[in-house]
Amino acid sequence: GQEQLFQVTVSAQEGGLVLCVFRDISEAEQAGAMRRDFVANVSHELRTPLTALIGFIETLRHAARDDPAARDRFLGIMEHEAGRMNRLVRDLLQLSRVEAEERVRPRDRVEVRGVLEGVISSLRGVAEREGSSVVLTGAGAVVPGDADQLTQVFTNLIENALKYGNAGQVVRVTLTPEETVRGAAVRVDVADQGEGIDPVHLPRLTERFYRVDSHRSRELGGTGLGLAIVKHIVSRHRGWLRVDSVPGEGSRFSVVLPLG
Ligand code: ADP
């Protein structure tokens, strides 16, 4: 049935009067609000590096013109900001692509362990820089899926584990057969030994641009879209994502993928 949702704002007015505003936020209204929020977020995320770029171009043109050391430093910052915009646009395109395809279930046969081995080997450099390692255990499993998209899922999860984990940690990736109410499945756990996530954040973690600590996420090159992409791809595979975390000890992201 159609549910009616209201946002209620209560404010005290002069003379002891209380003003109560009911705003209809039923389905269509909510969808519109989400779209507006999304556009506002994207604009803000693009504008920040763009403003920096424009500022540094100005500086290069004037103040830093005859100072090679300053010029090199500014070019370095500009490269960094342009990289940020590039990652954001890449993730936005990816997100819109997986959202558009969400209803069509991919049908290739994908060997999950092979996908994980590929992801781990391509992230070896990132892990080594942190003095960390990624350890894979568990038997192989074949699922109906899209190998590139599953590669994206595990890249995002393992990259996050390395990014938000402590240096020198072991990230454990484990494959486990699982019987679900909908039949046989395989569960992939990605467990880090990092800072963990306060439980209040867990329900919102896969929202676009939701970050526990925006400053830290940006510093680490995050766009805030990684887990939103993961959620859509996993749901396209008729699977689901679960997060468990103990603050101070680490987090475990689990993806369950049906075998049939
Ligand atoms: P980002 O690009 O910011 O990493 P994600 O969508 O991948 O965006 O993740 C959203 C937020 O979830 C991150 O900003 C971070 O706060 C939190 N997060 C994700 N993975 C982990 C993890 N393994 N440990 C702790 N926090 C995490």
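Only a predicted model underlies this, so the values are computations on that prediction, with no experimental measurement involved. (Residues numbered from 1 in each chain as written. Predicted model: local features only at pLDDT ≥ 70, side-chain atom pairs only at ≥ 80, totals over all residues. Heavy atoms only, no water.)

Visitor: Sorry if this is basic, but what is going on with the UniProt feature "domain: Histidine kinase" (unreviewed entry) in the protein here?
Guide: In this numbering, the UniProt entry assigns the feature "domain: Histidine kinase" (unreviewed entry) to residues 41–260. Summarising residues 41–260: 48% helix, 22% strand, and an end-to-end C-alpha distance of 38 Å. (UniProt positions renumbered as here; feature names shortened; annotations may be inferred. Helix = DSSP H or I, 4+ residues; strand = E, 2+ residues; numbered from the N terminus.)

Visitor: How do you make sense of the site of the ligand when you look at a structure like this?
Guide: As a matter of local geometry, the ligand sits amid 19 residues, with Y164, D192, S217, G224 and L227 nearest to it. In the model, an oxygen atom of the ligand is placed 2.7 Å from a nitrogen or oxygen of the Y164 side chain. One of the backbone N or O atoms of V212 is found 3.1 Å from an oxygen atom in the ligand. Isolated, the ligand exposes 530 Å² of accessible area, and the fraction of that covered by the protein chains is 97%. Counting only elements with at least two residues in the shell around the ligand, the list comes to helix 5 (147–164), helix 7 (226–236) and strand 9 (250–258). Counting residues per element, the shell around the ligand draws most heavily on helix 5, which supplies four residues. Taken together, the residues of the shell around the ligand break down into nine nonpolar, seven polar and three charged. (Near = heavy atom within 4 Å. Polar contact = N/O pair within 3.5 Å; in protein donor to acceptor, adjacent residues only side chain to side chain. Areas by Shrake-Rupley, 256 points an atom, 1.4 Å probe, with all protein chains shown as cover. Nonpolar A, V, L, I, M, F, W, Y, C, P; charged D, E, K, R; others polar.)

Visitor: How should I be thinking about the packing of helix 2 (residues 68–100) against helix 7 in this particular structure?
Guide: How two helices pack is summed up by the angle between their axes together with the distance between the axes. One way to put it is that helix 2 packs onto helix 7 with a least axis distance of 9 Å and a crossing angle of 20 degrees. When the axes of helix 2 and helix 7 are compared, the pair comes out roughly parallel. Of the two elements, helix 2 crosses helix 7, and the hand of that crossing is left-handed. Residues D91, Q94, L95, V98 and E99 of helix 2 touch helix 7, and the partners they reach there are A228, I229, H232 and I233. Broken down by class, the residue content of the contact of helix 2 with helix 7 amounts to five nonpolar, two polar and two charged. (Axes fitted to C-alpha atoms, helices over the stretch in contact; angles between N-to-C directions. Parallel < 35°, antiparallel > 145°, perpendicular 65-115°, else oblique. Left-handed = near helix turned anticlockwise from the far one by under 90°. Contact = heavy atoms within 4.5 Å.)

Visitor: Please clarify how a nonpolar patch on the surface should be interpreted in this entry.
Guide: Residues F6, V8, V10, V18 and F22 make up a contiguous nonpolar surface patch of about 510 Å² in total accessible area. Within the residue set of the nonpolar patch, elements represented by two or more residues are strand 1 (6–12) and strand 2 (18–24). With three residues, the single largest contributor to the nonpolar patch is strand 1. Relative to the helices and strands, V10 resides in strand 1. (Patch = residues over 30% accessible without salt bridge, like charges linked within 9 Å, V, L, I, M, F, W, Y side chains within 5 Å. Salt bridge = Lys/Arg side-chain N within 4 Å of Asp/Glu carboxyl O.)

Visitor: What exactly am I supposed to notice about the side chain of R105 here?
Guide: Mapped onto the fold, R105 is located in the loop between helix 2 and strand 3 (108–111). The buried charged residue R105 lacks any salt bridge, with D108 as its nearest oppositely charged partner at 12 Å. Polar side-chain contacts of R105 include one of 3.1 Å to the backbone oxygen of G260. Setting aside residues up to four positions removed in sequence, R105 forms contacts with P144, R236, H237, R238, P258 and G260. (Buried < 20%, exposed > 50% of the residue type's maximum accessible area, 1.4 Å probe, protein only. Lys, Arg positive; Asp, Glu negative; His and termini not counted.)

Visitor: I keep staring at the sheet that holds strand 8 (residues 240–246) and nothing clicks. Help me out?
Guide: Whether parallel or antiparallel, the strands of a sheet pair through hydrogen bonds between backbone atoms. Across the sheet, five strands lie side by side as 4-6-7-9-8; this open sheet has mixed pairing. Because the sheet does not close on itself, it has two edges, and the strands there are strand 4 (133–137) and strand 8. Each neighbouring strand pair of the sheet contributes to a mean axis angle of 20 degrees, computed without reference to strand direction. Where strand 7 (residues 183–191) lies against strand 9, seven bridges are found, and the strand directions are antiparallel. Along strand 9, the bridge assignment pairs A185 with P258. The sheet strands contacting helix 5 are strand 4, strand 6 (170–180), strand 7 and strand 9, and the helix crosses strand 9 at an angle near 170 degrees. (Pairing = 2+ DSSP bridges.)

Visitor: Whenever I open this one, the pattern of salt bridges confuses me. Can you help?
Guide: Side-chain pairs of opposite charge can arise whenever the charged atoms involved come near each other. Applying the stated criterion across every chain yields a total of 13 salt bridges. One salt bridge in this structure joins E101 and R236, with 3.2 Å as the shortest N-O distance. Pair noted here: E101 is in the loop between helix 2 and strand 3 and R236 is in helix 7, with a separation of 135 residues, a long-range link. Classification of R236 by relative accessible area gives buried; the value is 7%. Across the pair R252 and D244 runs a salt bridge whose closest N-O atoms are separated by 3.1 Å. You can call D244 partly exposed: its relative accessible area is 31%. Each member of the salt-bridge network shares a partner with another, and the members are E45, R211 and R218.

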